[in-house]
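Per-entry structural report
Each chain is listed here by its residues.
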Amino acid sequence: MKQLFKWTGSKKRMKKVYGEQFFPENFTKFVDVFAGALNTSHWCETSCDTPRYILNDFNNELVSMYKALRDEPEKVIGEALRHQTIHLDEPEPLIRKEYYVALKDRYCMRDGSPHGFSVAEEAAALLYMLKVNFNGWWKAYNYAHGRYSTPPGLMAQKKDFMDEENLWNHANFFKDKCDIQNVDFESVSGIDDTCFVYLDPPYRDSSTTYTTDGFNEADQIRLCDFFKECDAKGAKVALSNKEIGDGFFNDHLGDYNLNIFDAKYTAGRGTTINKVKEILVTNYDYIPPPPPPPKPETT
């Protein structure tokens, strides 16, 4: 499987940094607690012989889309391909944007009336918008009643972008291997000593929305306590986050393995690069790969 759509904050950029030693030994169930665009689950599926997955996200629109792809794949995929055809048949990006905005306004019920989509149609509309939106962001503005409402991207696609085969791969993966949940992280069920639990929450010092109050320091402390609860159940656990240098993780998870990495975040369309520190906390033996050699200086 390949990533279904671009997603700001996915772990795709950190795979080489973490290395294949990221995955512990002897687990038969992968628990992706903040699943998002499923990038880490994709990585697990290609790197490990893992028969079962628990995919959870607090975002009910995203989870509903995954469940619809699982339950009605023919309808969701057919409708998603219809949006692609309409998009590609109109070469003018401005008109493509008009189509996107009209679909988005209907999806988020901007005029206050029900959007009238079936479950499969709603899932396909969201999938199409996620494929062509601005920079992989998830925005939910007030005018949209808290629903997905990210603006369109450049809309310059020249060839098929839905990847029908990949959609079917996901539909079969969801049906055959996954328990899909839509709960707060503390309520994820099915965690036991056969699991590898991965926690990739909204980072500290970020503006990502989790609830109406964001993901605040109280939530970060709850998450550290949840890490310990999973550890007490015998599960392997890993937690990624941003390290801002205030000793938070030493205070709350100092008895576990704390690994610090250099990372780069991009802003806008990738023209601005911010160098930051990330932390990976594990309750299992983890040896990070050596950092890449420095690039030679140019004259």
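Please refer to the structure higher up on the page.
Everything in this summary refers to the structure shown in the same document. (Residues numbered from 1 in each chain as written. Predicted model: local features only at pLDDT ≥ 70, side-chain atom pairs only at ≥ 80, totals over all residues. Heavy atoms only, no water.)

1. Topic: the packing of aromatic side chains
According to the stated counting rule, one finds 31 aromatic pairs in the structure shown. Geometry around W137 places K139 over its ring, the cationic atom sitting 5.0 Å from the centre. (Phe/Tyr/Trp six-rings, centres within 6.5 Å; stacked < 30°, edge-to-face > 60°. Lys NZ or Arg CZ within 6 Å of the ring centre and 35° of its normal.)

2. Re the pairing of strand β5 (residues 236–242)
Extensive coverage of β5 is indicated by the burial of six of its seven residues. Summarising the sheet, strand β4 (residues 195–199) and β5 pair through four bridges and their orientation is parallel. When the sheet's bridge partners are listed, V197 is paired in β5 with V237. (Buried < 20%, exposed > 50% of the residue type's maximum accessible area, 1.4 Å probe, protein only. Helix = DSSP H or I, 4+ residues; strand = E, 2+ residues; numbered from the N terminus. Pairing = 2+ DSSP bridges.)

3. Regarding helix α3 (residues 60–71)
Look at α3: 16 Å from first C-alpha to last across twelve residues, which is about the 16 Å you get at 1.5 Å a residue. Considered for burial, the residues of α3 that qualify are E61, L62, V63, M65, Y66, A68 and L69. In this structure, the buried residues of α3 make contact with α4 (73–89), α5 (93–107), α6 (119–132), α7 (164–177) and β3 (178–181). The backbone nitrogen of E61 has a side-chain oxygen 3.1 Å away, supplied by the residue at the start of α3, namely N59. (Expected span 1.5 Å × (residues − 1). Contact = heavy atoms within 4.5 Å. Polar contact = N/O pair within 3.5 Å; in protein donor to acceptor, adjacent residues only side chain to side chain.)

4. Some words on the nonpolar core
By size, the foremost hydrophobic cluster in this structure holds 61 residues, and its most contacted members are F5, Y18, F22, M65, Y66, Y128 and F174. With ten residues, the top contributor of residues to this core is α6. If you look at the next biggest cluster of nonpolar residues, it comprises 25 residues, including I191, F215, F227 and L253. (Core = buried A, V, L, I, M, F, W, Y, C linked by side-chain atoms within 4.5 Å.)

5. Quick look at the side chain of H83
Assignment of secondary structure puts H83 in helix α4. Since its relative accessible area comes to 2%, H83 is described here as buried. Sequence-distant contacts of H83, that is, excluding residues within four places in its chain, are made with Y99, L103, A124, A125 and Y128.

6. Observations concerning the environment of V188
Tracing the chain through its elements places V188 in the loop between β3 and β4. Residue classification places V188 among the buried residues on the basis of a relative accessible area of 6%. Sequence-wise, V188 and F134 are 54 residues apart; in three dimensions their C-alpha atoms are separated by 31 Å. Residues in contact with V188, not counting those within four places in the same chain, are V31, V33, I54, N56, Q181 and V183.

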